[in-house]
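What follows is the residue order along each chain.
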Amino acid sequence: MPYGFSFDLSEISKSFFRELARVSHERKLHKKFGVRARYLAEKFRLQEITGLDVPNALQLVEDLIDVHMRNVSERENFVKTKKRALFLPHCARKYMDSRCQAQFNPELPSYKCAHCSPDCIVNQATTLGESKGYDVYILPGGSCVPEILKKNRYEGVVGVSCSQELKLGGEYLKYMGLAGQAVPLLKNGCAKTTFSLGNLKKIL
Ligand code: SF4
Ligand code: SF4
């Protein structure tokens, strides 16, 4: 389910994400969740830089905090896993048309990158994931996740997508009893999206 608004955090200072992590670790956060999100949005001029209105900026920050907190609570279980999958979003491919040479396998269902463009972030993330032993899937949508997980016995899953999709995916992994880690998109919009390869590397 995509957001009803577009965001681009690629110009936001890196300290925003450090602060996000700090805020996520604070005790009693649940009591002050909205206050903390507003503090972060104001401190890092989220509305001014992204053009988001207040409710959407707060929703985005709250979702990012939620994803971070889930990563922290799942980390211990995740590092113990051996057989892992990496799910990448099709929207981050360099091309969304026939110039993308990725092969779609309807049985899985997912794309497999054909490495046609060295500067494609999905290509780079695929190579990174495979070098660390992950099975890598490029997903056309979140509904592919249950199908893939039913057909393959994974212990750990890393997902890259917009934070709203990550929240839904996190619930599903919990239901399946699988350990998960997540990397939120820095820019959504369902095409020409992007994420931090550095963050993905740390998570993997
Ligand atoms: S590098 Fe892979 S994902 Fe990127 S455009 Fe080419 S085939 Fe598609
Ligand atoms: S931004 Fe990408 S991950 Fe999020 S809903 Fe759109 S296509 Fe899916």
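Residues numbered from 1 in each chain as written. Chains lettered and ligands numbered in written order. Predicted model: local features only at pLDDT ≥ 70, side-chain atom pairs only at ≥ 80, totals over all residues. Heavy atoms only, no water.

K.L.:
Give me the pairing of strand β6 (residues 179-184): which residues, what numbers.
P.N.:
Counting buried residues along β6, six of its six residues qualify, which places the element largely inside the surrounding structure. As paired strands, strand β5 (residues 156-161) and β6 are joined by six bridges and run parallel to one another. Across the sheet, Ser161 pairs through a bridge with Pro184, a residue of β6. Considered for its hand, the β-α-β crossover made up of β5, helix α7 (residues 163-176) and β6 is right-handed. (Buried < 20%, exposed > 50% of the residue type's maximum accessible area, 1.4 Å probe, protein only. Helix = DSSP H or I, 4+ residues; strand = E, 2+ residues; numbered from the N terminus. Pairing = 2+ DSSP bridges. Right-handed = clockwise from strand over helix to strand, strands pointing away.)

K.L.:
Break down the pattern of salt bridges for me, with residues and values.
P.N.:
Counted according to the given criterion, the structure contains ten salt bridges. Of the charged contacts, one joins Arg22 and Glu19 as a salt bridge, the two residues approaching to 3.2 Å between their closest N and O atoms. Separated by three residues within a single helix, Arg22 and Glu19 lie in helix α1 (residues 14-25), roughly one turn from each other. For the salt bridge of Asp135 with Lys83, the shortest nitrogen-to-oxygen distance reads 3.7 Å. Residue Asp135 is located in strand β4 (residues 135-139), and its partner Lys83 is located in the loop between α4 (54-79) and β1 (84-89); the two are separated by 52 residues in the primary sequence. A relative accessible area of 32% means that Asp135 is categorised as partly exposed. A residue is classified by how much of its surface remains accessible, and Lys83, at 40% relative accessible area, is partly exposed. Through salt bridges with shared partners, one network takes in Glu19, Arg22 and Lys43. (Salt bridge = Lys/Arg side-chain N within 4 Å of Asp/Glu carboxyl O.)

K.L.:
Go over the pairing of β4, please, and point to the residues and values.
P.N.:
Counting buried positions over the five residues of β4 gives four, a clear majority of the element. Where β1 lies against β4, five bridges are found, and the strand directions are parallel. Each bridged residue has a counterpart across the sheet, and for Leu88 the counterpart in β4 is Ile138.

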